[in-house]
Amino acid sequence: MADSFWLRAIQDFDFCEENLAQHICKNSGWLYQMLDLVTDLSPRFRMPYATGGMALDIIVGDIAGATKFYDKAVRHYPKDWPILARAAYHFLFEDKNNAKAARLMQQAAANGAPVWYYALAARTFQKGGETEVAQKMLEQLLQDPTLPPQLIERIKANIKN
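Here the residue index of a chain counts from 1 through its sequence in written order. The model is predicted, so local features are restricted to residues of pLDDT at least 70 and side-chain atom pairs to those at 80 or more, both for listing and for counting; the totals for chains, interfaces and linings are taken over all residues. To get the side-chain values, all heavy atoms of the structure are used, and hydrogens and water are removed first.

Peer 1: I would appreciate a short explanation of a nonpolar patch on the surface in the present structure.
Peer 2: Note on patches: the residues involved have over 30% relative accessible area and no salt bridge, like charges join within 9 Å, and the nonpolar side chains Val, Leu, Ile, Met, Phe, Trp and Tyr join within 5 Å. Areas reported here follow the Shrake-Rupley algorithm with a probe of radius 1.4 Å; residue values treat only the protein chains shown as occluding. The term salt bridge refers to a side-chain nitrogen of Lys or Arg lying within 4 Å of a carboxyl oxygen of Asp or Glu. A cluster of nonpolar residues, Met1, Leu37 and Leu41, forms a patch on the protein surface that exposes about 300 Å² of accessible area. Inspection of the secondary structure puts Met1 in the segment before α1 (2-11). Judged by relative accessible area, which is 66%, Met1 ranks as exposed. Put simply, DSSP marks the helices as runs of H or I at least four residues long and the strands as runs of E at least two long, and each gets a number from the N terminus on. Between buried and exposed lies partly exposed: a residue is buried under 20% and exposed over 50% of the maximum accessible area for its type, with that area taken using a 1.4 Å probe on protein chains only.

Peer 1: What's the story with the side chain of His90 in this structure? I'm lost.
Peer 2: Residue position: His90 is located in helix α5 (residues 81-94). Given the relative accessible area of 0%, His90 is considered buried. Any pair of N or O atoms that falls within 3.5 Å is considered a polar contact. Within protein, one atom must be able to donate a hydrogen and the other to accept it, and sequence-neighbouring residues count only if both atoms are side-chain atoms. In this structure the side chain of His90 is engaged in a polar contact, spanning 2.8 Å, whose partner is the side chain of Asp57. Residues count as neighbours in contact if any of their non-hydrogen atoms are within 4.5 Å of one another. Once you skip the residues sitting within four places of it in the chain, His90 turns out to touch Asp57, Ile63, Ala66, Thr67, Tyr70 and Asp95.

Peer 1: For this particular structure, what's the right way to read the packing of helix α4 (residues 63-76) against α5?
Peer 2: Each pair of packed helices can be described by the angle between their axes along with the distance between the axes. Axes here refer to lines fitted to C-alpha atoms; in helices the fit is confined to the stretch in contact. Angles between the N-to-C directions go from 0 to 180 degrees. Two elements in contact, α4 and α5, have axes separated by 10 Å at closest approach and are oriented at 145°. Between α4 and α5 lies a crossing of left-handed hand. Contact residues: Ile63, Ala66, Thr67, Tyr70, Asp71, Ala73 and Val74 in α4; Ile83, Leu84, Arg86, Ala87, His90, Phe91 and Glu94 in α5. Each residue receives one of three labels: charged for Asp, Glu, Lys and Arg, nonpolar for Ala, Val, Leu, Ile, Met, Phe, Trp, Tyr, Cys and Pro, and polar for the others, Gly being one of them. Classifying every residue of the contact of α4 with α5 gives nine nonpolar, two polar and three charged. Each crossing gets its handedness from the near helix: less than a right angle anticlockwise from the far helix is left-handed, clockwise is right-handed.

Peer 1: Quick question: what am I supposed to make of the nonpolar core here?
Peer 2: Generally speaking, nonpolar side chains in soluble globular proteins are found buried as a group. Grouped together as the largest cluster of nonpolar side chains are 50 residues, with contacts concentrated most on Leu31, Leu35, Leu56, Leu104, Met105, Tyr117 and Ile155. The biggest single contributor to this core is α5, with seven residues. Aside from chain neighbours lying at most four places away, what touches Ile155 is Leu138, Leu141, Leu142 and Leu147. Among buried residues, the Ala, Val, Leu, Ile, Met, Phe, Trp, Tyr and Cys ones that are joined through side-chain atoms within 4.5 Å form a nonpolar core.

And the structure:
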């Protein structure tokens, strides 16, 4: 059943039953409900988690639905760095939650994302007012002997600021 609903959903990834404004769809609308149903029926089906949040965010503008869906995706795939990175983008730019975005960036970095995700997380913590967390993260990152010299210089500059 999950596959059938998934095939139906991807045919109408851009469907919005009620536009609230241009490119802004009613919260938790049809696409969110379909993605939620598919992932309830098949919780380990990765593809809806990997693409559904972006479709909710970018294609139909269902920010509230995307927020709930990314939370669900992160619960089911806490070590999948591409999903974590997409969730971080959502929480940073769409949901305006710097602290949650920074934690997701840090989690993505710890699970295979490029090492500069740690620096990105630290900067996001800093923007969210958590300067001590950012400082500690940057100092810890400097202990990594594999860091490129350019990144080391940028990290040192950020620590000074």
